[in-house]
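# A closer look at the structure
Listed below, chain by chain, are the residues.
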Amino acid sequence: AVGLMQIGPPPAASAPLALLLRAVNLNSPVDNAELGAALLRSYLDQLHDPKLVLAAYYQGLSATRHHGVYPSSRSYVDGIWRLRNRFQAGSIP
């Protein structure tokens, strides 16, 4: 995985042109963040469930579509979800 958003090889190869309509440099913090955000939005449009989106970002979209959240991905998804809840509650400075 590469850069700020830790984008893996499969999405890095196929997503930039489809989602951003341009090539990206994954080592550029701006390009990396833009592609990561576009991937998350795309996954949400397809899966309609934020926890499944987190799983897809972590374990892959195809795997999530076919198997849901892997047991090995559960702690990642739950950890990010807890951080999200703390952020929304204003308890993360």
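Rules and cut-offs
- Residues numbered from 1 in each chain as written.
- Predicted model: local features only at pLDDT ≥ 70, side-chain atom pairs only at ≥ 80, totals over all residues.
- Heavy atoms only, no water.
- Helix = DSSP H or I, 4+ residues; strand = E, 2+ residues; numbered from the N terminus.
- Rg over C-alpha atoms; globule rule 2.2 N^0.38 Å.
- Axes fitted to C-alpha atoms, helices over the stretch in contact; angles between N-to-C directions.
- Parallel < 35°, antiparallel > 145°, perpendicular 65-115°, else oblique.
- Left-handed = near helix turned anticlockwise from the far one by under 90°.
- Contact = heavy atoms within 4.5 Å.
- Core = buried A, V, L, I, M, F, W, Y, C linked by side-chain atoms within 4.5 Å.
- Buried < 20%, exposed > 50% of the residue type's maximum accessible area, 1.4 Å probe, protein only.
- Phe/Tyr/Trp six-rings, centres within 6.5 Å; stacked < 30°, edge-to-face > 60°.
- Lys NZ or Arg CZ within 6 Å of the ring centre and 35° of its normal.

### Topic: the overall build of the protein
A tally of helices and strands in the protein yields five helices and zero strands. Scanning the protein from its N terminus toward the C terminus, one meets helices and strands in the order α-α-α-α-α. Over its C-alpha trace the protein gives a radius of gyration of 14 Å, about what one expects of a compact globule, namely 12 Å for 93 residues. Its C-alpha atoms give the protein principal-axis dimensions of about 35 × 35 × 20 Å.

### Comments concerning the packing of helix H3 (residues 50-59) against helix H5 (residues 74-89)
For the pair H3 and H5, the least separation of the axes is 9 Å and the interaxial angle reads 125°. Judged by the angle between their axes, H3 and H5 are oblique. Helix-helix and strand crossings are classified by hand; for H3 and H5 the assignment is right-handed. Where H3 approaches H5, its residues Pro50, Lys51, Leu54, Ala55, Tyr57 and Tyr58 are matched on the opposing element by Tyr76, Val77, Asp78, Ile80 and Trp81.

### Some remarks on the nonpolar core
In terms of nonpolar packing, the biggest core is built from eleven residues, these being Ile7, Ala15, Leu26, Leu35, Leu39, Tyr43, Leu47, Val53, Ala56, Tyr57 and Leu61. Elements with a contribution of two residues or more to this core: helix H2 (29-47) and H3. Here Leu47 is in contact with Leu52, Val53, Ala56, Leu61, Thr64 and Arg65, once residues within four sequence places are set aside. Leu54, Ala55, Val69 and Val77 belong to the second-largest nonpolar core, a separate cluster that totals five residues.

### Remarks on the packing of aromatic side chains
Enumeration over the complete set of coordinates arrives at one aromatic pair. Taking the ring centre of Trp81 as reference, the NZ or CZ of Arg84 above it sits at 4.2 Å.

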